[in-house]
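Listed here are the chains, written in short residue letters.
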Amino acid sequence: MPLSVWMKEKLGICSTTSEVNYLLRNKKLLVNQKAPKNHKVPVSLFDVISIPQTGQHFRAVLTKGGYLSAVPIVESESSLKVLKLISKTSLKKGIAQLNFSDGTNLLHDGKIEISIRDSVLFEFREKKIKEVFKLEKGSVVFFVSGSHIAEIGIVDSVTTQKAVVKLGDNTKEVEIASLIVVGKKQPAITIRRESNAS
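An account of the accompanying structure is given in this report.

1. A look at helix α1 (residues 3–10)
Buried residues of α1: L3, S4, W6 and M7, and no others. In a view along the axis of α1, the buried residues occupy a sector of 165°, so they form one face of it. Summarising the contacts, the buried residues of α1 are in contact with α2 (17–25), β1 (30–31), β2 (48–51), β3 (56–62) and β4 (68–72). Phi for G12, located one or two positions after α1, is positive at around 65°.

Given below as structure tokens:
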């Protein structure tokens, strides 16, 4: 969804695209701590929209209907995002490129143990991985698709393609592709209105 749509329809901060462009020209509107070049830049799941002048920060989250929505977050969380690793590309001299589900690519020297399907807590300002969340028993996961979309569960077991996840008093076997690990004992970032960042 384009940034201009978020600002006009989701957040109600701007009335026109011209107002959005004014904020962008004056670097008064940031996405993931960067000033976008134009109003058409897409805002996707867990991205952060910030308006430094007013101290407002919003995270893009999923609703149970599968739609993107915005939830206010505190300033200390505005430079953080959870990214899911979907592939690795080997480069020279032991360096690998980590490719994440939102299109983010990072160079990796192997000092941090991370596998495909794991997630990381990425810090925008320092441009570094703060923590790795393994897809394993006890991990907190968020459903990004399927009949349980936008629900939070706890991993009970993991196989090659599927995971058994505890949802309240029930357990469900689901495709790993429908999940993203968002923390260890609790979500590391705000991912819906009733959740809190650690």
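2. Topic: the sheet that holds β1
Hydrogen bonds between backbone groups are what pair the strands of a sheet, and the pairing can be parallel or antiparallel. Strand order across the open sheet formed by four strands is β1-β2-β3-β4, with antiparallel pairing between neighbours. Of all strands in the sheet, those bounded by a partner on one side alone are β1 and β4. Across five bridges, β3 lies against β4 in antiparallel orientation. Within the sheet, the bridge partner assigned to L62 lies in β4 and is L68.

3. Details of the nonpolar core
With 26 residues, the main nonpolar core has F46, V82, F142, V165 and V182 as its most contacted residues. The set of elements that each furnish at least two residues to this core consists of β5 (80–90), β10 (140–143), β12 (162–167) and β14 (179–183). Aside from chain neighbours lying at most four places away, what touches V182 is F46, V82, F133, V140, V141, F142, P187, A188 and I191. Grouped together as the second largest cluster of nonpolar side chains are 16 residues, L3, W6, I49 and A60 included.

4. Brief notes about the pattern of salt bridges
On inspection of all chains with the given rule, the structure shows 11 salt bridges. In this structure, K111 engages D109 in a salt bridge whose closest nitrogen and oxygen atoms are separated by 4.0 Å. A relative accessible area of 74% means that K111 is categorised as exposed. Residues K166 and D156 are paired through a salt bridge, measuring 3.8 Å at the closest nitrogen-oxygen approach. Of this pair, K166 sits in strand β12 while D156 sits in strand β11 (residues 152–158), placing them 10 residues apart in sequence. Given a relative accessible area of 39%, K166 falls into the partly exposed group. Among the charged side chains, a salt-bridge network with shared partners connects D47, K81 and D102.

So, how was this worked out
Residues numbered from 1 in each chain as written. Predicted model: local features only at pLDDT ≥ 70, side-chain atom pairs only at ≥ 80, totals over all residues. Heavy atoms only, no water. Buried < 20%, exposed > 50% of the residue type's maximum accessible area, 1.4 Å probe, protein only. Helix = DSSP H or I, 4+ residues; strand = E, 2+ residues; numbered from the N terminus. Arc of directions from axis to C-beta. Contact = heavy atoms within 4.5 Å. Pairing = 2+ DSSP bridges. Core = buried A, V, L, I, M, F, W, Y, C linked by side-chain atoms within 4.5 Å. Salt bridge = Lys/Arg side-chain N within 4 Å of Asp/Glu carboxyl O.

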